[in-house]
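# Observations on the three-dimensional arrangement
Spelled out from the first residue to the last, the chains are:
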Amino acid sequence: MSSPSYLTTAVNSGLVDSINEAMDAMAALGDTAATTAEEIAKAMQKSAASANLVGLSFENLTALITAATSTTQLGGNVVGTAINTMLNRIGRVSASGLYSDKNGESVTINDFDKVLASVGYSIRNEDGTIKSADDIIKFVGLNWNKFSDVQQNAIMYTMAGARQQNNLSAMFTSMSELSSSGSGKTYFEEYVEQVENASGTVDTKYGAYMDSLAASMTNVKNSFNSLVAELEDDGV
């Protein structure tokens, strides 16, 4: 399945306005990140609907996927499944105060409150409502390397459960990794900026390709004309 086909899910979920916007982001990240547009799109297909429901933006979801698939050995399907699991837990806990699954694992809003309060974060806004997934995930991911092993383990289990906690740890580790560009920002933060400024990337790349193709055709034509002229001079 092609990247545009995978990205249709993101558009249909309402997370992103158009397939062109999604393709621009994939093209921009494909130039700089050590991953592929297809792996990003695979993860997007599995997590876009949940992201839209719990308030994780297209920019932050795309940057999280890119960081994870670039710096870990996890493929797009694995990353997308782990993110979807995390977002489902956040969404159900936010809506009803309780999450439980077919494996018998359960987590309550009090569990979320307690584990994140232990690292200095409140999941509630001043009016008592639960903060968006954007806020929660960015705080945890960007501060991941500051937490103790005990704190990380508690957060992983609460937010992802036993089956996905190792994958979640790898993703949060990737979010907190500083870029080698010297900007002082993490790769995640740089990827967010690239997505935000990606509009028109596909058209620009296509235009550059067509210019290159035209130049190549001109070179071929000129070489052919030179060969003809030489043959004519030789009386052929």
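Our subject is the structure listed above.
This section reports on the structure supplied with the text.

Now for the environment of Thr 108. Following the sequence through the fold, Thr 108 ends up in strand 2 (residues 106-108). On the basis of relative accessibility, which here comes to 27%, the residue Thr 108 falls in the partly exposed class. Expressed as a C-alpha distance, the spacing of Thr 108 and Gly 97, which sit 11 residues apart in the sequence, is 5.5 Å. Setting aside chain neighbours within four positions, we find Thr 108 in contact with Val 93, Gly 97 and Leu 98.

Our next topic: helix 7 (residues 133-142). Every buried residue of helix 7 is accounted for by Ala 133, Asp 134, Ile 136, Ile 137, Val 140 and Gly 141. Among the structural elements, helix 3 (37-54), helix 4 (58-71), helix 5 (76-96), helix 6 (109-117), helix 8 (149-160) and helix 9 (165-175) are those in contact with the buried residues of helix 7.

Where helix 5 meets helix 8, the axes come as close as 7 Å, and the angle between the chain directions of the two elements is 80°. With respect to helix 8, the axis of helix 5 lies roughly perpendicular. Judged by residue contacts, Thr 85, Met 86, Arg 89 and Ile 90 of helix 5 engage Tyr 157, Thr 158, Met 159 and Ala 160 from helix 8. Looking at side-chain class alone, the contact of helix 5 with helix 8 contains five nonpolar, two polar and one charged residues.

Right, let's talk about the packing of helix 5 against helix 9 for a bit. Between helix 5 and helix 9, the shortest axis-to-axis distance is 10 Å and the interhelical angle comes to 100°. Between helix 5 and helix 9, the interaxial angle falls into the category roughly perpendicular. Along the contact surface, helix 5 presents Val 78, Val 79, Ala 82, Ile 83 and Met 86, while helix 9 presents Asn 167, Leu 168, Met 171 and Phe 172. Here the contact of helix 5 with helix 9 is composed, by residue class, of eight nonpolar, one polar and no charged.

What counts as what
- Residues numbered from 1 in each chain as written.
- Predicted model: local features only at pLDDT ≥ 70, side-chain atom pairs only at ≥ 80, totals over all residues.
- Heavy atoms only, no water.
- Helix = DSSP H or I, 4+ residues; strand = E, 2+ residues; numbered from the N terminus.
- Buried < 20%, exposed > 50% of the residue type's maximum accessible area, 1.4 Å probe, protein only.
- Contact = heavy atoms within 4.5 Å.
- Axes fitted to C-alpha atoms, helices over the stretch in contact; angles between N-to-C directions.
- Parallel < 35°, antiparallel > 145°, perpendicular 65-115°, else oblique.
- Nonpolar A, V, L, I, M, F, W, Y, C, P; charged D, E, K, R; others polar.

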